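# Structural overview for review
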Amino acid sequence: MASVLLLTRALTPSSSVLPGLELLSHQIKVMSPEPTALITAPACDVIFIDGRSDLPAIRGLCRFMETTGNTTPLILITTEGGLAAVNHEWGLTDVIVESSSPAEIEARIRLAVGRQQQEFAAVATGEIRAGELSIDEDSYSAKLRGRTLDLTFKEFELLKFLAQHPGRVFSREHLLQEVWGYDYFGGTRTVDVHVRRLRAKLGPENESLIGTVRNVGYRYVSAPVSNRETHEVLA
């Protein structure tokens with residue numbers, strides 16, 4: 001049995017927002033989706049957020065939760081039409097439609113909680129896994145499909161940081177601060193140079209693991225895409 005936090009403004013929460021959830025044996029706590037209220041939110045295994053309406057506001061709340069360092073799995077409840085608006089930038093673990101059956105809801109909760117437990121276990125052992133990439137923080141080594149990558153310290157740190165947040169886009173300025181530090185006086189061009197070197201060491205078939213989001217920055221992609229879909233680094 002999991003502890004579930006449901007964020008919604010509905011007057012009859014469980015039965016109207018996600019009826020199938022009401023039929024399961026999980027402990028359900030209901031709160032209003034207000035940023036200030038989340039400060040006192042109880043600990044839970046998974047968070048469901050009601051996104052059946054006012055998607056722009058809900059997207060903003062999801063992004064806010066991501067910036068506060070929330071590590072609890074976050075599942076968006078939406079309509080069939082709302083699915084078209086959701087993407088990786090929301091910072092969601094999963095998305096589910098309001099008409100989902102109890103069996104599907106149970107499966108998504110189980111998978112979300114299981115993934116989080118795996119991540120915690122990996123952190124405890126000093127290992128980071130992102131797709132077929134394995135990073136050992138203790139030995140400062142990285143392997144891709146069993147092949148050890150010959151990386152410099154900064155290349156390792158850059159790859160590690162991106163792999164720790166798969167799918168999330170970081171600007172060059174953000175990466176410069178996180179990897180090189182606030183007291184580094186070099187320009188953002190340094191990030192571009194290291195990304196080029198990393199892609200070269202990953203190899204042609206894996207260079208797209210580090211994706212470029214035009215006019216924004218870089219992100220780690222869990223599975224490589226074809227070279228035809230890979231954007232060149234911006235000058």
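Here we come to the pairing of strand β1 (residues 3-7). Taking burial as the measure, the five residues of β1 include four buried ones, the bulk of the element. Judged from the four bridges that link them, β1 and strand β3 (residues 46-50) form a sheet pairing that is parallel. Bridge pairing in β3 places Leu5 opposite Ile47.

The strands that make up a sheet are held in pairs by hydrogen bonds between backbone atoms, and each pair lies either parallel or antiparallel. Spatially, three strands are ordered β10-β12-β11 in an open sheet, and the strand pairing comes out antiparallel. Lying at the two open borders of the sheet, with one neighbouring strand each, are β10 (170-171) and β11 (210-213). Here β11 runs beside strand β12 (residues 217-220); their pairing, made up of four bridges, is antiparallel. Its bridge partner being in β12, Ile210 is matched across the sheet by Tyr220.

With that out of the way, let us pick up helix α7 (residues 172-180). Because each turn of an α-helix spans 3.6 residues, side chains separated by three or four positions end up pointing in the same direction. When we look at burial in α7, the residues that qualify are Arg172, Leu175, Leu176, Val179 and Trp180. Summarising the axial view, the buried residues of α7 lie within an arc of 105°, below the 170-degree limit, and thus occupy one face. Where α7 is buried, its residues touch α6 (153-164), β10, α8 (189-202) and β12.

To continue, consider unusual backbone geometry. Phi is positive for Asp54, close to 50°, though the residue is something other than glycine. Looking at the secondary structure, you find Asp54 in the loop between β3 and α4 (55-67). Within the chain, Arg145 stands out as a residue other than glycine whose phi angle is a positive 55°. Tracing the sequence through the fold places Arg145 in the loop between β8 (141-144) and β9 (147-148). Given a relative accessible area of 47%, Arg145 falls into the partly exposed group.

Within the secondary structure, Glu66 sits in helix α4. Of the residues examined, Glu66 reaches a relative accessible area of 24% and is grouped as partly exposed. Filtering out sequence-adjacent residues up to four positions away, Glu66 remains in contact with Glu89, Gly91 and Arg168.

Attention now moves to the sheet that holds strand β5 (residues 94-97). Pairing is parallel across the open sheet formed by five strands, whose spatial order is β2-β1-β3-β4-β5. At either margin of the open sheet sits one strand with a lone partner, and together these are β2 (27-31) and β5. The mean inter-strand angle of the sheet, taken between neighbouring strand axes irrespective of direction, is 25°. In terms of strand pairing, strand β4 (residues 74-78) meets β5 through four bridges, oriented parallel. Within β5, the residue paired with Ile77 across the bridge is Ile96.

Within β4, five of the five residues are buried, leaving the element largely enclosed by the surrounding structure. Burial of the side chains of β4 extends over both faces: Leu74, Leu76 and Thr78 are buried on one face and Ile75 and Ile77 on the other. Here four bridges tie β3 to β4, and the two strands are oriented parallel to one another. Bridged to Asp50 within β4 is Ile77.

Calculation notes
- Residues numbered from 1 in each chain as written.
- Predicted model: local features only at pLDDT ≥ 70, side-chain atom pairs only at ≥ 80, totals over all residues.
- Heavy atoms only, no water.
- Buried < 20%, exposed > 50% of the residue type's maximum accessible area, 1.4 Å probe, protein only.
- Helix = DSSP H or I, 4+ residues; strand = E, 2+ residues; numbered from the N terminus.
- Pairing = 2+ DSSP bridges.
- Arc of directions from axis to C-beta.
- Contact = heavy atoms within 4.5 Å.
- Axes fitted to C-alpha atoms, helices over the stretch in contact; angles between N-to-C directions.

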